[in-house]
Amino acid sequence: MIKKILTGIVSGSFVGVFVTAIILPDTSNLLELFLTKITATSIITGILCGIYSHFSKSKLQVFFVSILIGIIIFFLKHIIIGHDLDAITMGAFVGAMLGGVLAVTKKLTHSFNVYKKLRRRRRKGFGTYS
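These lines cover the structure that appears in this document, whether it is placed above or below. Note that this is a predicted model, so its numbers are computed, not measured. (Residues numbered from 1 in each chain as written. Predicted model: local features only at pLDDT ≥ 70, side-chain atom pairs only at ≥ 80, totals over all residues. Heavy atoms only, no water.)

1. As for the packing of aromatic side chains
In total, this model carries two aromatic pairs according to the counting rule given. Measuring from ring centre to ring centre gives 5.6 Å for Phe-63 and Phe-64, while their planes differ by 65°; the resulting arrangement is edge-to-face. (Phe/Tyr/Trp six-rings, centres within 6.5 Å; stacked < 30°, edge-to-face > 60°.)

2. Concerning the layout of surface pockets
Estimates place the volume of the largest pocket at around 290 Å³. The wall of the largest pocket is formed by Met-1, Lys-3, Lys-4, Thr-7, Ser-53, His-54, Leu-102, Thr-105, Lys-106, Thr-109, His-110 and Asn-113. At the level of elements, helix H1 (2–23), helix H3 (37–55) and helix H5 (87–123) are the ones that each hand at least two residues to the lining of the largest pocket. Among the elements that take part in the lining of the largest pocket, H5 stands out by supplying six residues, more than any other. Taken together, the residues of the lining of the largest pocket sort by class into two nonpolar, seven polar and three charged. (1 Å grid on protein atoms, 1.4 Å probe; cavity = no way out; pocket = protein on both sides within 12 Å on 5 of 7 lines; lining within 4 Å. Points joined across faces, edges and corners; volume = space filled by probe spheres on them. Helix = DSSP H or I, 4+ residues; strand = E, 2+ residues; numbered from the N terminus. Nonpolar A, V, L, I, M, F, W, Y, C, P; charged D, E, K, R; others polar.)

3. Side note on the environment of Thr-7
Positionally, Thr-7 belongs in helix H1. A relative accessible area of 25% places Thr-7 in the partly exposed class. Taking the C-alpha atoms as reference, Thr-7 lies 36 Å from Gly-127; in sequence the two are 120 residues apart. Discounting chain neighbours no more than four positions away, the residues touching Thr-7 are Val-101, Leu-102 and Thr-105. (Buried < 20%, exposed > 50% of the residue type's maximum accessible area, 1.4 Å probe, protein only. Contact = heavy atoms within 4.5 Å.)

4. Let's talk about a positive patch on the surface
Together, Lys-3, Lys-116, Lys-117, Arg-119, Arg-120, Arg-121, Arg-123 and Lys-124 line one region of the surface with positive charge. It is H5 that contributes the most residues to the positive patch, six residues altogether. With respect to the element layout, Lys-116 can be found in helix H5. Its relative accessible area of 33% is what places Lys-116 among the partly exposed residues. (Patch = residues over 30% accessible without salt bridge, like charges linked within 9 Å, V, L, I, M, F, W, Y side chains within 5 Å. Areas by Shrake-Rupley, 256 points an atom, 1.4 Å probe, with all protein chains shown as cover. Salt bridge = Lys/Arg side-chain N within 4 Å of Asp/Glu carboxyl O. Lys, Arg positive; Asp, Glu negative; His and termini not counted. Charge placed at Lys NZ, Arg CZ, Asp CG, Glu CD.)

5. Some details on H1
Taking 1.5 Å per residue as the helical rise, H1 with its 22 residues ought to reach 32 Å, and the 31 Å between its terminal C-alpha atoms agrees with that figure. Of all the residues in H1, the buried ones are Ile-5, Gly-8, Ser-11, Gly-12, Ser-13, Val-15, Gly-16, Val-17, Val-19 and Thr-20. (Expected span 1.5 Å × (residues − 1).)

In structure tokens form, the structure reads like this:
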């Protein structure tokens, strides 16, 4: 569970910096990009999406629920802070990016584990019929 939460935090910070760089193109300092409300909200969304990714079995469900989590978190930020940017579109974009990262990570991890298990069984003689 810790690995998925850390994946959510790291990918949330990267997505937050990316979205901030798109929306506010006049900022050139990386620390300024990292310390914005959009990046903080993306990190919170990443944490929640990572927690959900741990409990879910379906990769497609992780993707769609991450979009929903992103919309809810960014809309709550819009209600609390009163940001003038489009909260639903930003939340859906950030949620889709985080959901995609977590779903691909889940698929790669599963495929790698299956490959290791099959390799271990082939070394023991599974699959040789002669």
